[in-house]
Amino acid sequence: MSRQYSLRKCGIRFDPPALFVTYTDKSAGKTRCRTMPIRNFTKTSTVTRFVEDFRKNPRHKKFLENVPKSQLEKLLRLLQDNLRGMSLDESLNEIRKEYSIDPNEDLNKVDEETLRKKKTAMEDSFEKNRKKPGDPDFEYEVERDFQPVETCEWDSADSGSDADF
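Residues numbered from 1 in each chain as written. Predicted model: local features only at pLDDT ≥ 70, side-chain atom pairs only at ≥ 80, totals over all residues. Heavy atoms only, no water.

J.: Could you give an account of the packing of helix α3 (residues 69-83) against helix α4 (residues 88-98), with specific residues and numbers?
T.: What describes two packed helices is the angle between their axes and the distance between those same axes. At a minimum axis distance of 10 Å, the contact between α3 and α4 shows a crossing angle of 140 degrees. In terms of orientation, α3 and α4 fall into the oblique class. For the crossing formed where α3 meets α4, the hand is right-handed. Each of K74, R77, L78 and D81 in α3 lies in contact with α4, whose residues at this interface are L88, S91, L92, E94, I95 and E98. (Axes fitted to C-alpha atoms, helices over the stretch in contact; angles between N-to-C directions. Helix = DSSP H or I, 4+ residues; strand = E, 2+ residues; numbered from the N terminus. Parallel < 35°, antiparallel > 145°, perpendicular 65-115°, else oblique. Left-handed = near helix turned anticlockwise from the far one by under 90°. Contact = heavy atoms within 4.5 Å.)

This is how it looks when you write it as structure tokens:
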């Protein structure tokens, strides 16, 4: 959003399909709601393409520039699952699974779309937990010693010298 608008919330309406954004107009000091109809969206539509189209649309661009791409994707997935006949709870659970990080999951074996979703979830988590200059608990040059979780024979200092090569 530009400087005169402050984003409050973003949501989806199922019937008729629409994306809505609630924002505060700083110049007038009023809270407003913008409804953006979602046209030609079917249960087989490509969600990422619709997100890009919405963000590039000149009429909606200033309202959606501060909405994370992953949030728009999740909202459109809710709409798509609703069109497929899924309940809201089932759809929310499925989306949470897609965008959650399992430390035991091998991301080398997943398809490109799943990998993109997992990377987005990791990036969102990083940005949420990131400490920036100006934050109250920001510390410059933090040094910590970490204990190794597990050791390997190639990782120990007495496993040999580099002269063997």
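From this point, the narrative continues.
J.: Requested: an account of the environment of Q80, with residues and values cited.
T.: For Q80, the location among the structural elements is in helix α3. Separated by 33 residues in the primary sequence, Q80 and V47 have C-alpha atoms spaced 8.4 Å apart. The residues contacting Q80, other than those within four sequence positions of it, are F41, T42, K43, T44, S45 and V47. Here K43 takes part through its backbone oxygen, which lies 3.2 Å from a polar atom of the side chain of Q80. Looking at Q80, its side chain comes within polar contact range of the main-chain oxygen of S45, at 2.7 Å. (Polar contact = N/O pair within 3.5 Å; in protein donor to acceptor, adjacent residues only side chain to side chain.)

J.: Give a detailed account of the side chain of T22, specifying residues and quantitative values.
T.: Note on placement: T22 falls in strand β2 (residues 18-25). Judged by its relative accessible area of 12%, T22 is buried. Leaving out residues up to four positions away in the same chain, T22 has contacts with L7, R8, K9, T31, R32 and C33. (Buried < 20%, exposed > 50% of the residue type's maximum accessible area, 1.4 Å probe, protein only.)

J.: Quick rundown of the nonpolar core? Include the residues and the values.
T.: Formed by 23 residues in total, the largest nonpolar core has its most connected members in L19, I38, L64 and L76. At five residues, α3 tops the list of elements feeding residues into this core. Apart from the residues lying within four places of it in its own chain, the contact partners of L76 are I12, I38, F41, V47, F50 and V51. (Core = buried A, V, L, I, M, F, W, Y, C linked by side-chain atoms within 4.5 Å.)

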